[in-house]
Amino acid sequence: MAEFPGASVSNQPPPPTLANPRFTLELEFVLSLANPYYLQHLAVNYPNLLGTSAAGERHDDSNDDNGNASPDSRAFAAYLTYLYSYWKTPEYAQFLTYPGATLQALRLLQEEAFRRDIIRPQVIEGLLGVAEIQKDPAEREVVQPAAEQASTEQQVDVRNGTTA
């Protein structure tokens, strides 16, 4: 079974100082979680940690209670919970280069279904916003003018002293 620092008895986060090796190690790890390709790398190369299968097969939903999860995946899930519990606080979040993406990934990784599904390319594309980028430009233009028009109308209302 894998050993993770946060899975130890103390469960105390390291002091938030760059001189602390454990703090910098955990900082580097949580920062890497903001990269969807790194999440995919974990799912493909370490399926035992995320509860995925190497072939991308989905386990049945009876696993949702963690009762059938491997000891490694339970330990890793506990480690992710430990990391999320303190990195979401302002004292630690101030060190995150991309706090939104990092905390979103940590929050999503709290869900067993997400950890299982991260091996699917569609999930990675969703995290990257690839589906929006790959849309036909004509489809994107249809949506944009309406949003821009509403924004312009709201500005006009504000200038006239009325609210929309």
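In short, a report on the structure. Please read these numbers as outputs of a predicted model, since none were measured by experiment.

Right, let's talk about the overall build of the protein for a bit. Within the protein, the regular secondary structure consists of 10 helices and 0 strands. Element order for the protein, N to C, with α for helix and β for strand: α-α-α-α-α-α-α-α-α-α. The buried share among the 164 residues of the protein stands at 32%. The long-range share in the protein, meaning contacts at least 24 apart out of those at least 6 apart in sequence, stands at 64%. A total accessible area of about 9,900 Å² is found for the protein, and carbon and sulfur atoms account for 54% of it.

With that out of the way, let us pick up the nonpolar core. In this structure, Leu33, Leu83, Trp87, Leu106 and Ile118 are the most contacted members of the largest nonpolar core, which totals 31 residues. Counting residues per element, the ones that place at least two in this core are helix 1 (21-32), helix 2 (36-45), helix 3 (47-50), helix 4 (71-87), helix 5 (90-93), helix 6 (99-108) and helix 8 (121-128). If we ignore the near neighbours within four places in the chain, the residues touching Leu33 are Tyr38, Leu39, Leu42, Leu80, Ala105, Leu106 and Leu109.

So, about the packing of helix 2 against helix 8. The contact between helix 2 and helix 8 brings their axes to 9 Å, and the two run at 160°. In terms of axis orientation, helix 2 runs roughly antiparallel to helix 8. In terms of crossing hand, the pair formed by helix 2 and helix 8 is right-handed. Listed contacts from helix 8 to Pro36, Tyr37, Leu39 and Gln40 of helix 2 are Pro121, Ile124, Leu127 and Leu128. For the contact of helix 2 with helix 8, a count of residues per class yields 7 nonpolar, 1 polar and no charged.

Rules behind the numbers
- Residues numbered from 1 in each chain as written.
- Predicted model: local features only at pLDDT ≥ 70, side-chain atom pairs only at ≥ 80, totals over all residues.
- Heavy atoms only, no water.
- Helix = DSSP H or I, 4+ residues; strand = E, 2+ residues; numbered from the N terminus.
- Buried < 20%, exposed > 50% of the residue type's maximum accessible area, 1.4 Å probe, protein only.
- Contact = heavy atoms within 4.5 Å.
- Areas by Shrake-Rupley, 256 points an atom, 1.4 Å probe, with all protein chains shown as cover.
- Core = buried A, V, L, I, M, F, W, Y, C linked by side-chain atoms within 4.5 Å.
- Axes fitted to C-alpha atoms, helices over the stretch in contact; angles between N-to-C directions.
- Parallel < 35°, antiparallel > 145°, perpendicular 65-115°, else oblique.
- Left-handed = near helix turned anticlockwise from the far one by under 90°.
- Nonpolar A, V, L, I, M, F, W, Y, C, P; charged D, E, K, R; others polar.

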